[in-house]
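Here's the letter readout for the chains.
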Amino acid sequence: MMSGSPESESNPTPALELIDITKRFGGLTSLDALSLAVAPSEILSVIGPNGAGKTTFFNVITGVYTPDEGDVLLFGESIRGVDPHKVARRGVARTFQNVRLFQNLTVRENITAAMYGRTNASLFDIVFRTPRARREERENEERVLDALSFFGTRLQGYRLDQPAYSLSYANRRRLEVARAMATGASVLLLDEPAAGMNPKETQEITEIIGRLRDERSYTIVVIEHDMHVVEGVSDRVIALDHGVKIAEGSFEDVATHPAVIEAYLGRGSAARK
Amino acid sequence: MSTTPEDSRGIGTDEWVAQHGERAQRGTGLYARIGEAWMGLPSLVRWGIPLLLVVLVPFAGSNDYILRIGINLGLFLLLALGLNLVVGYSGLLDLGFIAFYGFGAYAYAALASEQFGLHLPSLLAIVIVVVTTAAFGFTLGLPSRRLTGDYLAIATLFFGQMFVVLMVSSDAVQFPWMDEPMDLTGGANGISNVDQLSVLGFTFDSNLSYYLLLIVLVVLATVATKRIHFSRHGLAWRSLGEDSLAAQHMTIPTVRLKLLAFTLGAGIAGLAGAIFASVQQGVYPSTFELPLLITIYAAIILGGLGSIPGVLLGAAIMTILPELLRFPEYSNWLFLVVLILGTIMYLKSWKLVPAVFAGMIAIGFIANVIFLAIGVPYLTTAEWAKGPLAPVLGSWIFMPEERVLIGNIAFVALVVAVAWMSLLTRRTTIILLPFVLWLAIFTWEVRLMLEPSITRQLLVGALLVVLMATRPQGIFGKPRVEVL
Ligand SMILES: Nc1ncnc2c1ncn2[C@@H]1O[C@H](COP(=O)(O)OP(=O)(O)OP(=O)(O)O)[C@@H](O)[C@H]1O
Ligand SMILES: [Mg+2]
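Keep in mind that this is a model prediction, so the values were computed, not measured. (Residues numbered from 1 in each chain as written. Chains lettered and ligands numbered in written order. Predicted model: local features only at pLDDT ≥ 70, side-chain atom pairs only at ≥ 80, totals over all residues. Heavy atoms only, no water.)

Caption draft 1: Up close: the pairing of strand β10 (residues 244-249) of chain A. All names here are of chain A. Across five bridges, the pairing between strand β9 (residues 236-241) and β10 is antiparallel. In the strand pairing of β10, A239 is matched with A247. In this antiparallel pair of consecutive strands, β9 and β10, the connection spans two residues, and H242 shows a positive phi of 50°. (Pairing = 2+ DSSP bridges. Helix = DSSP H or I, 4+ residues; strand = E, 2+ residues; numbered from the N terminus.)

Caption draft 2: Seen up close, the domain arrangement of chain A. All names here are of chain A. Split by domain assignment, chain A resolves into domain 1 (14-91 + 185-273) and domain 2 (100-183). Of the residues lining the interface, 20 residues belong to domain 1; the matching set on domain 2 comes to 14 residues. Approximately 1500 Å² of surface area, both sides summed, lies buried where domain 1 meets domain 2, with 57% of it carried by carbon and sulfur atoms. Run the count over domain 1 and domain 2 and you get three salt bridges. Here E204 ties to R174 by a salt bridge, and the two come within 3.6 Å at their closest N and O atoms. The interface formed by domain 1 and domain 2 contains six residue pairs in polar contact (both at pLDDT 80 or more). Secondary-structure elements contributing two or more residues to the side of domain 1 that touches domain 2 are β7 (187-191) and α7 (199-216). In terms of residues, the side of domain 1 that touches domain 2 owes the most to one element, α7, which gives eight residues. Its residues assigned to classes, the side of domain 1 that touches domain 2 comprises 10 nonpolar, one polar and nine charged. (Domains from an automatic or database assignment. Contact = heavy atoms within 4.5 Å. Buried area = accessible area lost by both parts, 1.4 Å probe. Salt bridge = Lys/Arg side-chain N within 4 Å of Asp/Glu carboxyl O. Polar contact = N/O pair within 3.5 Å; in protein donor to acceptor, adjacent residues only side chain to side chain. Nonpolar A, V, L, I, M, F, W, Y, C, P; charged D, E, K, R; others polar.)

Caption draft 3: Local environment of the coordination of the magnesium ion (ligand 2). Residue and element names in this part refer to chain A. The coordination sphere of the magnesium ion (ligand 2), as far as protein atoms go, consists of T55 (OG1) and Q97 (OE1), spread over 1.9 to 2.2 Å. Within this pair, whereas T55 is found in helix α1 (residues 54-62), its partner Q97 is found in the loop between β6 (92-94) and α3 (107-113), the two being separated by 42 residues in sequence. According to the relative accessible area criterion, Q97 is partly exposed, its value standing at 30%. (Donors = N, O, S within 2.8 Å, 3.2 Å for Na, K, Ca; no water. Buried < 20%, exposed > 50% of the residue type's maximum accessible area, 1.4 Å probe, protein only.)

Caption draft 4: Representation of empty space enclosed by the protein. Residues and elements named next belong to chain B. Across all of its chains, the model carries one cavity of 30 Å³ or more by this definition. Taken together, L95, I98, A99, G160, Q161, F163, V164, F288, E289, L290 and L293 make up the lining of the largest cavity. Where the lining of the largest cavity is concerned, the elements lending two or more residues are α6 (97-111), α8 (149-169) and α13 (290-303). No other element matches the four residues that α8 contributes to the lining of the largest cavity. Of the residues belonging to the lining of the largest cavity, the class tally is eight nonpolar, two polar and one charged. (1 Å grid on protein atoms, 1.4 Å probe; cavity = no way out; pocket = protein on both sides within 12 Å on 5 of 7 lines; lining within 4 Å. Points joined across faces, edges and corners; volume = space filled by probe spheres on them.)

Caption draft 5: Expanded view of the environment of A178(A). Position of A178(A) relative to the elements: it lies in helix α6 (residues 169-182). In sequence terms A178(A) and L148(A) are 30 residues apart; their C-alpha atoms lie 6.2 Å from each other.

Caption draft 6: Main features of the packing of helix α10 (residues 232-242) of chain B against helix α12 (residues 254-280) of chain B. All names here are of chain B. Where α10 contacts α12, the two axes come as close as 10 Å, and the packing angle between them is 105°. Taken together, the axes of α10 and α12 are roughly perpendicular relative to one another. In contact with H233, A236, W237 and L240 of α10, α12 contributes T254, L257, K258, L260, A261 and L264. A breakdown of the residues in the contact of α10 with α12 according to their chemical character gives seven nonpolar, two polar and one charged. (Axes fitted to C-alpha atoms, helices over the stretch in contact; angles between N-to-C directions. Parallel < 35°, antiparallel > 145°, perpendicular 65-115°, else oblique.)

In structure tokens, the structure reads:
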């Protein structure tokens, strides 16, 4: 569906690069000498059976865990072991597999909260409502509407002032994407963005991911179990199993790769397609 | 994109779900309508009316006693607003908060009294107090980098208690370079003769002056908190209170913000402490013990955590209510009103209410007849009943001579009856209700009115239970509706 031409030839510095990353939990090796690169404005999908290490891969990039070995580069600079909030400030935002919104904050507040790192008003500015505080307030307001405009009318109007807990599941997932966009990041890590969505909603989020790249040139890494989404959005797909990269290439190549089929069938769960 | 308003109303979309919260919040009946009308007013009016009322209090011919309550309320409001930053927003269960209040009070007393012969100018002393208390808050906040929830609560509670012990025991500290042990805190007697505030030649030497000063400070603190609430800092605090991990991933430096909350909360408490010391012209360690901590937590939880009007109202209730109940006539009224309102709210039916109360009155007279028939010695109305309710209660309640013994029996019976009633169906409960209501009033008049200090605690406790049972989210808290 999307044009499958990564721009890696024209741009030598990858947006995100992992070099021989190993992460162990006690005796369990969740990521095993994993290397990969994502070009700017590329959409990379990561697939693999449960427990393959996909979420750990995100956690290592965003600084939740420091890898035991290897290095993580963001536009050529190491972000290994950097605190999550600093990684986010440097341009990597994520969503969570289990949706972690700020439940009691409204839609508007959820998104505004994520702009902390790109605003500067001090407590003094805020308490005395200096011009800087007011200007930032106006800018934030525009950014909220801008991020939400990606989702049509779904999160607009009266919903702006509803608390996150009152949203439907699909809307919570959408809000999480909007919140990640609001951080000002250029790299989005989406952990199963279509989980729990019906086919129509899945189709919609697939389109949105494509538009995020086409219209805003985000670099996107998607973890997804739904093969329709993977086929729909990916420039490139990698498959993980036991923390090892077992296949890499176009969707067709990876989906038909013998190691991938074995990884899924070997655990008694075929790739859904 | 194919999302038109048309198909967003279709099956499979979340219109109904999304409006669920709104529907649940929109109450019915008089209470909700008053609330709506109130919220419809411009916010200047909503905040202006209560403010005007409190400013007018001293000019409406009130006495020093009322002003003292007002001063206590002002200090309490400042504390509640400070604690709200830490607990209400950032979700950090800081049980050492009162220590900052105490630290501020002691620090001011040390800088402005004969204790060390220092009599610093008030403004300078206050600046030093606020800065050092904030630094103390920062230090106490350090464990919050790693500890959360219950663990943080235990650690801070420990520090809070240690503060009181330290203040009591630091009246003879032996420094190695001194010959004599030194009295730092005045021990259990505290420090007295603390200087009054004096700013730009104006000395705060009357209750009225402190009352007005506190109004100004509370208004400033409220405005500041309101502005912070929706600002990047307010949102960051509330986010990390909701989900600290997610907040980190959304560019929020959670450690720094937690420390900032601790520091700022402590600074506000330190300011309140300094004013307290100068109002009292003295500090005593017993002020800063657990009861104050419990009251202030009750206030912010009662009002609704994180809500500014809630915090203010909760603090007002917790300060004024116990004072009102110092007078037996008031507590008698309040008891009856709470009992009747509680019953009406429980019954939720205008047909049942008269029946239940008629039953209750009948049972009272039947009991009178039985008591008289057995020949229990009694007091005449004139001997016990006081106040405007005397003629009514006097002829209805049988007042035995043995108030303590019979009252105790009634009290036990009441507790058993209430516990037992909670196991019954609503139908049976309603049949038994007239009897239990009479028993409650009987116990109250016969036994509990003998002990005003206990009745006061009981009433405050009962009111809190009733309030929290009807609005578990606090008075101004938003009800939480989970979509399952
Ligand atoms: N903090 C941790 N401590 C111990 N083990 C962990 C931790 N985090 C992940 N693991 C383990 O690492 C392995 C990979 O987990 P991960 O969450 O990355 O899998 P996944 O590919 O995202 O799976 P799923 O499709 O179920 O989301 C699993 O065996 C998991 O139990
Ligand atoms: Mg996962």
